[in-house]
Amino acid sequence: MAFRGWRPPPPPLLLLLLWVTGQAAPVAGLGSDAELQIERRFVPDECPRTVRSGDFVRYHYVGTFPDGQKFDSSHNRMKTYDTYVGIGWLIPGMDKGLLGMCVGEKRIITIPPFLAYGEDGDGKDIPGQASLVFDVALLDLHNPKDSISIENKVVPENCERISQSGDFLRYHYNGTLLDGTLFDSSYSRNRTFDTYIGQGYVIPGMDEGLLGVCIGEKRRIVVPPHLGYGEEGRGNIPGSAVLVFDIHVIDFHNPSDSISITSHYKPPDCSVLSKKGDYLKYHYNASLLDGTLLDSTWNLGKTYNIVLGSGQVVLGMDMGLREMCVGEKRTVIIPPHLGYGEAGVDGEVPGSAVLVFDIELLELVAGLPEGYMFIWNGEVSPNLFEEIDKDGNGEVLLEEFSEYIHAQVASGKGKLAPGFDAELIVKNMFTNQDRNGDGKVTAEEFKLKDQEAKHDEL
């Protein structure tokens, strides 16, 4: 049954009185044998907006004659009838009968012949002088001039930052049609939807609706089709459908963000500050921006130990532990590009997640100058090779070398870089001295660091 394309002559002025009680309402100026009747069978409790002239509507209908004989049904086609109202795209009776409807409302519209197809009928299924009965259910409506609408559901009291164009958001959502039909949900995938905003990565309505949100905020964004998926729709989203997104913002960041450091406590003596190469022992709680706890050394009952600047932690954590004194407590917020990136850690850290570390530094062992794994604490013996070569055979094996270095460390004359495997350091030092790789070091091969700067051994 096609309504589009019919262009009647200008009708006389009609005044439609809609009776909420469901009784028939006569059209002024016409006889009682020619009435437009509207029966409101169901009206939703909430009706924030009703159909007005110029709106675009999507509705289902069953069309019958007064005797109950069906001549058409949108349900048979499993597709709504989509049209503008009040601009002559419909027969006059439907143009008027749809006005004032709420989304979700069901009504029966009985149309007399001259407000339908008149004396000639439609030339197909509807004879001349036929009255028509339409059982209508309105699924959604919008106006081409509509912009998005935003309803804030939950706004956190503490909102230090709101999202801006170019930010990267992680959020959960339920996507429904205006009649409540669910078409998509990130919750069902147990994974947030992650995207840049203001850059065209999402539909225009969401690009706009996600601006100005706080972390932890919940809002409803209603998107008209010209800012959604348009007349064609997409997947299980019908063409010309109004979309409703209930979102929960988990976190966001900007690719230009660096780490954020907030110091909560510093001891009275805070003069010795951590630097690259220092060996640190600290406790931490790691969480997401929404408060979800990821890990805690306090819960494990042991500290986390690293050499600062050695690549043992993510870059943001390495940055956040610098210039910190023993006893200090601070919070470090790390954006994903300085954390675990887009991939995250499977089963532990979501991809593109902003991380929050609450840290307490418990111990600091000063490291060696950059490039050194061993230093002397005093003057170096001028007969160093001879002292290492105890058997005096002119060759030093790894066992001799290792024994000597450990003896110097034990006596306080030398120091190995803290936080590393001592045996591995000594072995690397020996390998650097063993120039020809024959497993022994001769006096000709043996050199101190200042004698050959490209090596780190002594």
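All figures in this text were calculated on a predicted structure; none of them were measured in a lab.

Draft legend 1. Local environment of the pairing of strand E12 (residues 243–253). Of all 11 residues making up E12, nine are buried, and the element is well covered by its neighbours. Inspection of the sheet shows strand E8 (residues 168–177) paired to E12 by 10 bridges, in the antiparallel sense. Each residue of the ladder has a partner; that of Tyr171, found in E12, is Val249. Direction of pairing for strand E11 (residues 218–223) relative to E12: antiparallel, over a ladder of six bridges. The residue of E12 that forms the bridge with Lys218 is His248.

Draft legend 2. How the structure looks around the packing of helix H8 (residues 398–411) against helix H9 (residues 422–433). For the pair H8 and H9, the least separation of the axes is 10 Å and the interaxial angle reads 125°. Taken together, the axis directions place H8 and H9 in an arrangement best described as oblique. Helix-helix and strand crossings are classified by hand; for H8 and H9 the assignment is right-handed. When H8 is examined against H9, the residues Leu398, Phe401, Ser402, Ile405 and His406 are found in contact with a partner set consisting of Ala422, Glu423, Val426, Lys427, Met429 and Phe430.

Draft legend 3. Representation of the packing of aromatic side chains in the model. Under the defined criterion, the tally for this structure stands at 23 aromatic pairs. Pairwise contacts between aromatic rings join Tyr59, Tyr61, Phe65, Phe71, Tyr81 and Phe134 into one cluster.

Draft legend 4. A look at the state of the cysteines. For the coordinates displayed, the defined rule picks out three disulfides. Disulfide pairing places Cys159 opposite Cys214 at an S-S distance of 1.9 Å. An S-S torsion of about -100° defines the bridge between Cys159 and Cys214 as left-handed. With a gap of 55 residues between them, Cys159 in the loop between strand E7 (149–154) and E8 and Cys214 in the loop between helix H4 (204–209) and E11 connect regions that are remote in the sequence. A relative accessible area of 5% places Cys214 in the buried class. There is a disulfide in this structure between Cys270 and Cys325, and the S-S distance comes to 2.0 Å. Negative torsions about the S-S bond denote left-handed disulfides, and the value of about -100° found for Cys270 with Cys325 makes this one left-handed.

Draft legend 5. View of unusual backbone geometry. Positive phi, normally seen in glycine, also occurs at Glu323, with a value near 55°. Considering the arrangement of structural elements, one finds Glu323 in the loop between helix H6 (315–320) and strand E17 (329–334). By relative accessible area, which is 56% here, Glu323 ends up exposed. Phi at Ser352 takes a positive value of approximately 60°, unusual for a residue other than glycine. Counting through the fold element by element, Ser352 comes out in the loop between E17 and strand E18 (355–365). The class for Ser352 is buried, based on a relative accessible area of 6%.

Draft legend 6. Seen up close, the pattern of salt bridges. If you walk through the whole model with that rule in mind, you get 23 salt bridges. Taking the shortest distance from any N to any O, the salt bridge between Arg219 and Glu217 comes out at 3.1 Å. Classification of Glu217 by relative accessible area gives buried; the value is 2%. Several salt bridges share partner residues, and in doing so they unite Arg40, Glu105 and Arg107 into one network.

Definitions and cut-offs
- Residues numbered from 1 in each chain as written.
- Predicted model: local features only at pLDDT ≥ 70, side-chain atom pairs only at ≥ 80, totals over all residues.
- Heavy atoms only, no water.
- Buried < 20%, exposed > 50% of the residue type's maximum accessible area, 1.4 Å probe, protein only.
- Helix = DSSP H or I, 4+ residues; strand = E, 2+ residues; numbered from the N terminus.
- Pairing = 2+ DSSP bridges.
- Axes fitted to C-alpha atoms, helices over the stretch in contact; angles between N-to-C directions.
- Parallel < 35°, antiparallel > 145°, perpendicular 65-115°, else oblique.
- Left-handed = near helix turned anticlockwise from the far one by under 90°.
- Contact = heavy atoms within 4.5 Å.
- Phe/Tyr/Trp six-rings, centres within 6.5 Å; stacked < 30°, edge-to-face > 60°.
- Disulfide = S-S within 2.5 Å.
- Salt bridge = Lys/Arg side-chain N within 4 Å of Asp/Glu carboxyl O.

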